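# An overview of the molecular structure
Given next are the chains, with one letter for each unit.
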Amino acid sequence: MKKLFVRISAVLVTCALTYFAIIYAASLTGFTNWLPNAKYTTGKGYYTLSRFREIDKFSNIDVLFLGSSQVYRGFDTRQFEQKGLKAFNLGTSAQSPYNSYFLLQEYLPKLKPKYIVLDLYWHMMTKEDVTESTVDLISNHELTDNIVDMALTTHDYTIISSLVSNYVSRVHTPLTKVREKKLPKEIYIPGGFVESTVPEAELAMTNPKKAYQFRNLDSKLKEPSEFQLEYLEKIIKLCKQNNTKLVFVLLPVTKEYKNNLTNYNDYINRISSVSKKNNVPFIDYNTRKGLSLSSSEDFLDKNHLSPSGASKLDKFIYQDLTSLGIKESISSL
């Protein structure tokens, strides 16, 4: 029996060492993504690495923006700084409330934001699969306890394999040595905003790529996922514990997209019920009075704002934060 145990242990140890050796060799030669069930996007996201490198310079801010790509294309922190608000945009690709919760666990103690503006775009609220967003975060963030917890809590084999792959790759290439890939027609603005430099002609509705999107619009939204709602409740609780004011927002999509959704109001009612139950303000910028956006000039596609659209939106966000008392919160300190 003892010999059998030793042999099984030897086989397991050999398998583990072989697995790590393969990952090490693959990451050293740049073939990590060839490994089955392991993904590696270090330095290849939409400036997630730049955002995490910069965030350590911030503390005691007024506003923290959280959410998916709509957020890092929608909130230009320069506009808030010009009005005297210290802000940081921590939006990342496909970030859902599940990811936002662990990011807040990581950064709330240091940033101490007075307000958190959380976007609840329906594709993030309805999804169960958090692979894309979680791999982006573990690939571009130091592997702290909160980031490792976020990966392990998914119980997803691909995400956990990706975590191991990223851990091994950093043995020979620390995150500090990684050079981030610059994206064409995209500029990272200090503070977390990503500014598109796509020419106006390419934003026209007659542009073939843009026109294609509008021929394939969703017509019905799924119900918000219980999984994401659970983490939304955890975010609410965490903000209350840290005396941080939370604001739910729904960033605008094109009018063609919104009008094609047959159950838009059902989604709004579901989010509004969470908002009212927890006394958290909820602002839908698809129906915000006075906000007028052009589908051709103010959107890159059906749901991402262009710089001109972000500029228009941010004026209203600032007005609404002011109405909610952000200036009084600052002056009372």
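Everything numeric here is computed off the predicted structure, so don't read it as measured data.

Scanning the protein chain for helices and strands turns up 16 helices and seven strands. Here the C-alpha radius of gyration of the protein chain, 21 Å, is about what a compact globule of 333 residues would show, namely 20 Å. A total of 333 residues make up the protein chain; the buried ones form 54% of that total. Put simply, 81% of the contacts in the protein chain that link residues at least 6 apart link residues at least 24 apart.

On to the pairing of strand 5 (residues 193-196). Bridging between strand 4 (residues 186-189) and strand 5 involves four bridges; their strand directions are antiparallel. Bridging from a neighbouring strand, isoleucine 187 pairs with glutamate 195 of strand 5. Where strand 4 hands over to strand 5, the hairpin turn is made up of three residues, of which glycine 191 adopts a positive phi near 110°.

With that out of the way, let us pick up unusual backbone geometry. Positive phi values are uncommon outside glycine, yet asparagine 60 reaches one of about 50°. Along the chain, asparagine 60 falls in the loop between helix 2 (48-55) and strand 1 (63-66). Owing to a relative accessible area of 45%, asparagine 60 belongs among the partly exposed residues under this scheme. With a phi angle near 55°, asparagine 279 is a residue other than glycine that sits in the positive phi range. Locating asparagine 279 in the fold gives a position in the loop between helix 14 (264-278) and strand 7 (282-284). Residue asparagine 279 is classed as exposed on the basis of its relative accessible area of 70%.

Rules and cut-offs
Residue indices begin from 1 for each chain and proceed along its sequence in written order. Restriction of local features to residues with pLDDT of at least 70 applies here, the model being predicted, together with a cutoff of 80 or more for giving and counting side-chain atom pairs; totals for whole chains, interfaces and linings are based on all residues. The side-chain values count all of the structure's non-hydrogen atoms but skip hydrogen atoms and water molecules. Secondary structure elements follow DSSP: runs of H or I no shorter than four residues count as helices, runs of E no shorter than two count as strands, and numbering proceeds from the N terminus. This radius of gyration counts C-alpha atoms alone. The globule rule is 2.2 Å times how many residues there are, raised to the power 0.38. Classification of residues uses two cut-offs on accessible area relative to the type maximum, computed with a 1.4 Å probe and protein chains only: under 20% is buried, over 50% is exposed, and between them is partly exposed. Contacts: residue pairs with any heavy atoms within 4.5 Å of one another. For two strands to be treated as a pair, DSSP must find no fewer than two bridges joining them.

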